[in-house]
Amino acid sequence: MRKTEIFLIFFILPLLAGCWDERLLKSSRTVYLSGFDLNENGDYQITSIIRDMNISESSRGEISISNELVTGKGSSIKEASMTIDRSVPGNYDPAKGRALILGIDVAKGDIYNVLDAVYRDPRVDLNAKIAVTDNSANEIITHLSENEVEKGEYLYELIHSSEMHSKLQEITLRSIRTYLFDEGKDFMLPYLSKDEENNEVKINGAALFHDHSFTGQFLSPDESTLLLLFMETQSKKAILTEKLDKKADESVSYNVKSVSRKLKLEKEEKVHADIMLQLEVEIVDYPPNHLDKQEMINFLENRLSEILTEKADALFKKLAANQSDVLGLGRELIAFHPSIWKEIKGANYYEHILVNPKVKVNVRSSGIIL
Amino acid sequence: MKVKSRISSENLFFVLVQTMMGVGLLTLPHQTHHAAGSDGWISILITGFFIQLIVLLIWLLCIKFPNLTLFDFSKVILGKMLGTVLNFIYIIYLLTMICYIFIVYADILKRWILPETPVWVLFLIEFVLLIYGSICKIKNMISLLSFPFIFILFLFFITFFVYGDSSIDVRYLFPIGSSGGWNILKSTSDSMIPFIGFETLLIYFAFIKQSKTISALKGVFLAVLFVTIFLTYIVILSTVMLSPEEIKITPEPVLYILSAMEIRILSRLDLIFLSFWGLIVFTTIISYSFSVSMGISKLIRIKHNFAVILSGTFVLIVSIIFYYMEITLLEKWLKHLSLIFGIIIPILLLLITIIFKREAASTYEKN
C-alpha cells in the first residue's frame, strides 16, 4: 500500500515539472511598449520597444540593458507581429507590454480590430494602459526610445499618476473591453501628444470615444476631472482650480473630498436627465482671503457652484455634440427605465438625451488654517 | 451487502461540497448568462432550492434501506436482473462524468497556462491522482476531501481583490427579472450542471451514522446551501464586472477577471486561482471515482483497489480518445444525463419503493 503510493508520487514528479511550457528569458524578446498605426493602404503597423538584457562574459556577468526599436507591417495585427518576429532574433513576445499606443488613424476606426488579438492570448498583461496619440504611434515611440530611459514604464507611470489625480478615467486593457461591449456606455482614453518646445511626450487630456471609435474631440484635464466627479469615480485626489473673478485675478484651488449625485431621468419630448451633484471640498489654496467668516464661506460656495454649473453645462454640450456617453446614462436607462430605453435605443441614442447638470459645492475644510 | 464504515454528518458536508464544486465553477457565469441574461443569479438560487428538495427525496429513498448503497438497494427495488442493469448504467454514467471532468480540466489548463504541454501529460497526471486518491477506505477519502475545503475559502478570498476595480457597475444586474419569469425557470435546467455531484448521495447516505434522524440531513442541507451561495456569489461578481455582451464571448469569466487583477507582488491572480481550483477539481474526481469503483467492485465482484485501477484506466483511455477525436458529445448530453440520473431515476425508485412497499429487511429474509 505504502509502496504503491510512493511509487505513484515518484511517477508523477517528472510530469509536474512542466518543461514543455518553459519560456527562457534569454530566448524571448520582451516588449515593453507597443504602438499601432494604420497606413493609407489599410495595413497595420506595429512599433515596439524590445528590452534586451545582455549578460557580458568579460566583465564578470555584469548586466547591461539595451533597447531596440522594431516595426512590422501586416494586414492584421497578428500578421504584423509575425513580421517583427521574423526580423528579430529570438521570440517576439508582446505579453509583457505595459502600455499600448493607438495612432490617430487606428483610433478613428474600430479600435477593437487592433485589440482582438490581444484578448485571445492568455499571457497578455491585461493591466496595461492604453493611450491615443494625436499623430502616429510610431512617432511617439521613436521619440520615447530616444529620450527616456524607462520607455514603457515611463508612459505607464505618466498615465497612472494622471489617474491618481482624477485627470483621466481609470482604464486598463481589461476594462476597456467592458466599455466596448456595453451599448449604454462610452469611455475616454489618455490623449498623448509630443510637445515640440520641451521635446517631451505629455498627456493633453482625455480622448472622447463613441461606440468603438475616437470622435476626434478631447476633454481638457479639468473637464475630465469634472466628468469623473459626475461619474462618482474620482480617485482620492481631485484638485481643481477656478478663477473667481476674471479681472481681479483671484483664484482658488480645492480638493474634492466626496461626491454625492442625484440623477433623475424623465421622458418628455426628449429624455431629460437632471443631475444634481453635491461636492464636499477642502480648500487647498486661496491666498486672497481667509475663511474665518461664514459670509466668506457662503460666498465661496455660491461662486464655485455657479462656476461649476456653468462648466458642467459646457461639458455636457461637448459630450452631446460628440454623442459620447461617458457618464453611462444609457446603462442607467437600461437598468432603471427599460421602457424609455426601448424607445430610444440604437447607435445614436445619446441624441435623445438632454442633460441638465447642477453643481452644489460645500466647503468642509480648509487645511490646518482657516 | 451492508457497508460497515460510518461517517458523520459533518464529514458528509465536506464530501458533498467537494463533489459538487468542480469544473462548472469557471464557466458558470457564461452559461447562466447565456440562458437567463443578467438574472443568472436568480436562476442559480432557484436551482439551489430545487436541489435541496431533490436531496430530501434521495434521503427519503435511502432511509428505507439503511446502510445500503444504491448498488445494493437497486436490486431490492427492481429485482436482481433490472437492478444489475441499473447499476451498470449508473456506473457508465459516473464514468462519463469523470471523463467529462478530465477533458474540461485538461482543456482549460491547456488554453490558460500550458499551451505547449501535450494533453496526454495532463491526463496522466489526473489519472495518477485519481488512483492515488481513490485507493483507500472511505475514512481516508474523507480526510483527503475535508482538508481542501480550505482552498474553496481561498478561492473566495482571492475574488476580494476584484473590488478595487473602478469598472464595477452594479447596474449590470438591473433590471432584475428582465428576462422574464419563464425564461429564468427554463434556465434552471442549464444552471443545474455546476450542482452535479449530489447524486453521489445515493451512495454516501449508506455510510452515515443514524441516517434516519434528521441530523443526518443537516450536513447535506448545509453543503447544498454553501454551494448555492458560493455559485450565486461568483455569478453576481462576474455579472457586475463584465458587460452583458462581453460575458457572451468570454467562456471563463472568472479567470478572465482575475487575470487582470494586480496586487503588489503578483500580477496574475488567475494562475493562483487555477492552481487552487485544480485541487478542487481533483476532489471531485476522487469522490466520483471512489463511488464508481464501489459500484464496479460490487458488479463484477472484485476488490475495491482493483476496481479503482480499472475505472481509472477506462477513463484515461476514453477521455484521450474523446479529446483527440474532438468529440463534444458529452457537453451536449450532460444536462440531460444529470437530469435523468440525478433526479428522474431517484424519484422513480422512490415511487416504486413506496407503491410496492419494498424494504431492506424483507428481501434479506427471502435470500
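Residues numbered from 1 in each chain as written. Chains lettered and ligands numbered in written order. Predicted model: local features only at pLDDT ≥ 70, side-chain atom pairs only at ≥ 80, totals over all residues. Heavy atoms only, no water.

## Topic: the interface of chain A and chain B
How large an interface is tends to be reported as the accessible area lost when its parts come together.
Thinking step 1. Each side of the interface is counted separately: chain A has 37 residues, and chain B has 40 residues.
Thinking step 2. Overall, the association of chain A and chain B removes approximately 3,400 Å² of surface from exposure, summing both partners, and the carbon and sulfur fraction of that is 58%.
Thinking step 3. Summed over the shared surface of chain A and chain B, the result is three salt bridges.
Thinking step 4. Put simply, K185(A) and D169(B) hold a salt bridge, and the shortest N to O gap is 2.6 Å.
Thinking step 5. Here chain A is connected to chain B by 14 residue pairs in polar contact (both at pLDDT 80 or more).
Thinking step 6. Of all elements in the fold, only α1 (2-16), α4 (112-120), α7 (173-180) and α10 (329-336) of chain A reach the threshold of two or more residues within the side of chain A that touches chain B.
Thinking step 7. No other element matches α1(A), which puts seven residues into the side of chain A that touches chain B.
Thinking step 8. Of the residues belonging to the side of chain A that touches chain B, the class tally is 21 nonpolar, four polar and 12 charged. (Contact = heavy atoms within 4.5 Å. Buried area = accessible area lost by both parts, 1.4 Å probe. Salt bridge = Lys/Arg side-chain N within 4 Å of Asp/Glu carboxyl O. Polar contact = N/O pair within 3.5 Å; in protein donor to acceptor, adjacent residues only side chain to side chain. Helix = DSSP H or I, 4+ residues; strand = E, 2+ residues; numbered from the N terminus. Nonpolar A, V, L, I, M, F, W, Y, C, P; charged D, E, K, R; others polar.)

## Some points on helix α15 (residues 329-355) of chain B
All names here are of chain B.
Thinking step 1. With 27 residues, α15 should reach 39 Å at 1.5 Å per residue; the first-to-last C-alpha distance of 37 Å fits that figure.
Thinking step 2. All of the buried residues in α15 are L330, L334, S338, F341, G342, I343, I345, P346, L349, L350 and T353.
Thinking step 3. Its buried side turned inward, α15 meets α3 (40-63), α4 (70-112), α9 (201-204) and α14 (304-324). (Expected span 1.5 Å × (residues − 1). Buried < 20%, exposed > 50% of the residue type's maximum accessible area, 1.4 Å probe, protein only.)

## Quick word on helix α6 (residues 138-146) of chain B
Residues and elements named next belong to chain B.
Thinking step 1. I138, M141, I142, L145 and S146 are the residues of α6 that are buried. End-on, the buried residues of α6 take up no more than an arc of 130 degrees, which puts them together on one face.
Thinking step 2. Where the residues of α6 are buried, they touch α1 (9-20), α5 (119-134), α7 (149-158), α9 and α13 (269-299). (Arc of directions from axis to C-beta.)

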